[in-house]
Amino acid sequence: MIVYDFYKNGVYVLFPHVITLAVSVLLLWIFYFTDYKLTDALLIYKCGPLRGKIKINSIKEIVVGKTLWVGLKPATARNGLIVKFNKYDEIYISPETNEMFISEILKRNPEIKIVY
């Protein structure tokens, strides 16, 4: 559709091309630039336009292998991790390997409850 030039009543219609290109760029941005970093005090996530930081000390529980159906999901895969933090906040992430991520975060805060 991007290459195809079509006319309607003799006027060039650019709108479908712009929409298709914008959606394609957004999907590629999400797919290739999803990243999670652990520092000593923070879990930093980036997924396209979604970015944020979570204090590791505020994380109460991590649920392994489930999918969050409603809420913030900066992830590109299923069967990731649901990170529960503060009092009622949840976020779904999908690191490359769940086990390695859990072991690294437990080194920083061993009080986090892991639910399988």
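The structure displayed is predicted, hence computed values, not measured ones.

**Remarks on the pattern of salt bridges**
What the rule picks out here adds up to three salt bridges. Across the pair glutamate 104 and lysine 107 runs a salt bridge, and its minimum N-O distance is 3.1 Å. Highlighted residues: glutamate 104 and lysine 107, both in helix H2 (residues 98–108), separated by three residues, approximately one helical turn. The exposed category is assigned to lysine 107, whose relative accessible area is 60%. By relative accessible area, which is 27% here, glutamate 104 ends up partly exposed.

**Things to note about the packing of aromatic side chains**
Applying the stated criterion across every chain yields a total of one aromatic pair. Ring geometry for phenylalanine 31 against tyrosine 32: centres 5.0 Å apart, planes inclined by 85 degrees, an arrangement best described as edge-to-face. For the pair phenylalanine 31 and tyrosine 32, a shared accessibility class is recorded, and that class is exposed. The ring of tyrosine 92 carries lysine 73 above its face, with NZ or CZ at 5.8 Å from the centroid.

**Digging into the side chain of asparagine 98**
Take asparagine 98: it is sitting in helix H2. Given the relative accessible area of 12%, asparagine 98 is considered buried. Only 3.1 Å separates the side chain of asparagine 98 from the backbone oxygen of asparagine 79, close enough to count as a polar contact. Setting aside anything within four residues of it in sequence, one finds asparagine 98 in contact with Val64, Asn79, Gly80 and Leu81.

**Focus: the sheet that holds strand S6 (residues 59–66)**
The four strands lie next to each other as S8-S7-S6-S9, forming an open sheet whose pairing is mixed. The open sheet is flanked by strand S8 (89–93) and strand S9 (113–115), the only strands paired with a single partner. Mean inter-strand twist for the sheet, computed between neighbouring axes without regard to direction, equals 20 degrees. Pairing between S6 and S9: three bridges, direction parallel. Its bridge partner lying in S9, valine 63 is registered against valine 115.

**Regarding the nonpolar core**
Residues Ile59 and Ile93 are the most contacted members of the largest nonpolar core, which totals 22 residues. Breaking this core down by element, the ones donating at least two residues are strand S4 (42–47), S6, strand S7 (80–85), S8 and H2. Apart from residues no more than four positions distant in its own chain, isoleucine 59 is found in contact with Ile54, Val83, Lys84, Phe85, Ile105, Asn109 and Ile112.

**A look at the sheet that holds S4**
Taken together, the three strands give an open sheet; going across it, the order is S3-S4-S5, and neighbouring strands pair in antiparallel fashion. If you trace the sheet from one side to the other, it starts and ends with strand S3 (34–38) and strand S5 (50–55), each paired once. The sheet shows a mean angle of 10 degrees between the axes of neighbouring strands, taken without regard to direction. Strand direction decides the pairing type here: S4 and S5, joined by six bridges, are antiparallel. For tyrosine 45, the partnering residue across the bridge sits in S5 and is glycine 52.

Thresholds, definitions, all that
Residues numbered from 1 in each chain as written. Predicted model: local features only at pLDDT ≥ 70, side-chain atom pairs only at ≥ 80, totals over all residues. Heavy atoms only, no water. Salt bridge = Lys/Arg side-chain N within 4 Å of Asp/Glu carboxyl O. Helix = DSSP H or I, 4+ residues; strand = E, 2+ residues; numbered from the N terminus. Buried < 20%, exposed > 50% of the residue type's maximum accessible area, 1.4 Å probe, protein only. Phe/Tyr/Trp six-rings, centres within 6.5 Å; stacked < 30°, edge-to-face > 60°. Lys NZ or Arg CZ within 6 Å of the ring centre and 35° of its normal. Polar contact = N/O pair within 3.5 Å; in protein donor to acceptor, adjacent residues only side chain to side chain. Contact = heavy atoms within 4.5 Å. Pairing = 2+ DSSP bridges. Axes fitted to C-alpha atoms, helices over the stretch in contact; angles between N-to-C directions. Core = buried A, V, L, I, M, F, W, Y, C linked by side-chain atoms within 4.5 Å.

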